Amino acid sequence: MKIKYELLKKSGNARYGLLHTNHGDFETPMFMPVGTLATVKTLTPEQVKNCGSGIILSNTYHLWLRPGEDIVNKAGGLHKFMNYDGPILTDSGGFQVFSLAKPKDITEEGVKFKSHIDGSNLFLTPELSIQIQNKLDSDIAMSFDECIPYPADYEYAKNSTERTLRWAKRGQEVFNNPNQSLFGIVQGGEYTDLREYSAKETVKLNFDGYSIGGTSVGEDKDTMYKMIEDGIRFLPSDKPRYLMGVGEPVDIIEGVIRGIDMFDCVLPTRIARHGNAFTHNGKINIKNAKYKEDFTPLEDSCDCYACKNYTKAYIRHLIICGESLGGTLLSIHNIRFLIKLTEDLREAIKQDKLLEFREEFLKNYLRDE
RNA sequence: GCGAGUAUGGUGAAGGGGUUAACACGGCGGAUUGUGGUUCCGUUAUGCUAGGGUUCGAAUCCCUAUACUCGCC
């Protein structure tokens, strides 16, 4: 069975909705924690769920290399393999085209990679990406795309955007998993007309959902918000919209205001492992000396497991000593922070108070310490 | 008590007369947006045990003191 999106309430362009999947339903807007290698780093599935996450993300490229999609398939699919019974979305490996391959490695047929593990030569195609994802048996698969660098000249962006469309079609043609849904990805770089073109042409292919790709690649925030606006207005209202790779609190708010339903980002877990925590007064670095004797939680108002049971001084000690529990506790807090943010945004949509919510949030978040 | 050796930042240390004392760790601070898991970047000794001397110039050479290390009575 395919996913089904239910739009429950609109406030401006923002949407409050419900997404039905074979592994449960969740409300949107929603933040998806990233579990690249079939694990949200340092967390058990129970801990992830307790943060309120409705869906998590995993990665085709990484699981293709290790342990290999056939192993996951033999295990009974990704859910069984990693003991996570909630919805899972798999990225296509498209972002690894951006992060691992060089421009000259990208051809019409596919993308040449040097394995980041042993340096061996790899070749990933739109068809292979979809076949791997079919075997992984995630709830939502992503089209194989090219995430266009920023800045990119118009010719490059145009050619890449058209190629991504051809790749999307090729992926659809081999797609073969009735329990899985497939999302198309809008590209177009920084160019309004290419974004519009990409959106319209992608929608013609009739995917189960759509995402905005090619953002958060080094562009300034206004450019990013424009990229969202340029593509999103051509997307159908009865399908979910997913903004790929975006997870700074402010960007999530701006995305929701512009009609985004789903977000994913490595930020909460990555910065956690490096000792940073989101708070309503901005990001803090728990390694700072001023927290050495701070026996209060990361945030008094937070309802996460870390804040209810541990102090800044203790978490600082763990991080400084390289103890993995430090990363775990900060990851729990940061994921909970972003998911709570989407919960608050849902509430604000229901009450038509989104702009007031943004103003209030920014007043605190950007405040100088 | 006698003889020998060593003294450089929070730590381990480089430099053996000539511009702002290498490097590493630690400390302090910053970065991180579809994750190439102990990441990257910045900063951190106005001073080389103390005092005196030689020299245009001393962490580097000489003298004295102090501390530690090793050996011998």
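Whatever comes next refers back to the structure up there.
Keep in mind it's a predicted model, so treat the numbers as computed, not measured.

(A) Geometry of the packing of aromatic side chains. This structure, assessed with the given rule, holds eleven aromatic pairs. Ring centres of Tyr154 and Tyr191 lie 5.1 Å apart, and the angle between their planes is 75°; this geometry places the pair in the edge-to-face category. One end of the pair, Tyr154, is in helix H7 (residues 154–174); the other, Tyr191, is in the loop between strand E10 (181–186) and helix H8 (192–204), and 37 residues separate them in sequence. Relative to Tyr365, the ring of Phe361 has its centre 5.2 Å away and its plane inclined at 20°; by these criteria the two rings are stacked. On the criterion of helical spacing, the pair formed by Phe361 and Tyr365 is a turn pair, its members being four residues apart in helix H15 (residues 354–365). As far as the burial class goes, Phe361 and Tyr365 line up, both buried.

(B) Highlighting the protein's contact with RNA strand B. Neighbouring residues of RNA strand B: 43 residues in total, closest Cys147, Ser216, Gly245, Val266 and Asn276. For RNA strand B, the backbone portion of the atoms within 4 Å of the protein, that is sugar and phosphate, comes to 45%. The contact in question runs from a base oxygen of RNA strand B to an N or O atom on the side chain of Lys221, over 3.0 Å. A distance of 2.9 Å is found between a phosphate oxygen of RNA strand B and a backbone nitrogen or oxygen belonging to Val266. Mapped by element, the contributors of at least two residues to the surface near RNA strand B are strand E5 (56–59), helix H5 (94–100), strand E13 (262–265) and helix H11 (267–273). Counting residues per element, the surface near RNA strand B draws most heavily on H11, which supplies five residues. In terms of residue class, the surface near RNA strand B is built from 14 nonpolar, 17 polar and twelve charged.

(C) How the structure looks around the sheet that holds strand E11 (residues 209–212). The parallel open sheet is built from eight strands, whose spatial order is E4-E13-E12-E11-E10-E9-E6-E5. This sheet does not close on itself; its edge strands, each paired only once, are strand E4 (30–33) and E5. Mean inter-strand twist for the sheet, computed between neighbouring axes without regard to direction, equals 30°. Note: E10 against E11, four bridges, orientation parallel. Residue Ile185 lies in a different strand from E11, and its bridge partner there is Ser211. Packing of H8 onto the sheet brings it into contact with E10 and E11, and relative to E10 it is tilted by some 160°. Packing against the sheet, helix H9 (residues 221–232) makes contact with E10, E11 and strand E12 (241–243), and its axis sits at approximately 150° to E11.

(D) Molecular detail of the pattern of salt bridges. Across all of its chains, the model carries 26 salt bridges by this definition. The partner of Arg346 in a salt bridge is Glu27, with the nearest N and O atoms 3.3 Å apart. On the criterion of sequence distance, the pair formed by Arg346 in helix H14 (residues 324–350) and Glu27 in strand E3 (residues 24–28) is long-range, its members being 319 residues apart. According to the relative accessible area criterion, Glu27 is partly exposed, its value standing at 30%. For Glu146, the salt bridge identified is with Arg163, shortest N-O distance 2.9 Å. Of this pair, Glu146 sits in the loop between strand E9 (140–142) and H7 while Arg163 sits in helix H7; the two residues are 17 residues apart in sequence, bridging distant segments of the chain. Residue Glu146 shares its accessibility class with Arg163, and that shared class is buried. In the salt-bridge network here, residues are joined through shared partners; they are Glu229, Glu254, Arg258 and Arg358.

Definitions and cut-offs
Residues numbered from 1 in each chain as written. Chains lettered and ligands numbered in written order. Predicted model: local features only at pLDDT ≥ 70, side-chain atom pairs only at ≥ 80, totals over all residues. Heavy atoms only, no water. Phe/Tyr/Trp six-rings, centres within 6.5 Å; stacked < 30°, edge-to-face > 60°. Helix = DSSP H or I, 4+ residues; strand = E, 2+ residues; numbered from the N terminus. Buried < 20%, exposed > 50% of the residue type's maximum accessible area, 1.4 Å probe, protein only. Near = heavy atom within 4 Å. Polar contact = N/O pair within 3.5 Å; in protein donor to acceptor, adjacent residues only side chain to side chain. Nonpolar A, V, L, I, M, F, W, Y, C, P; charged D, E, K, R; others polar. Pairing = 2+ DSSP bridges. Axes fitted to C-alpha atoms, helices over the stretch in contact; angles between N-to-C directions. Contact = heavy atoms within 4.5 Å. Salt bridge = Lys/Arg side-chain N within 4 Å of Asp/Glu carboxyl O.

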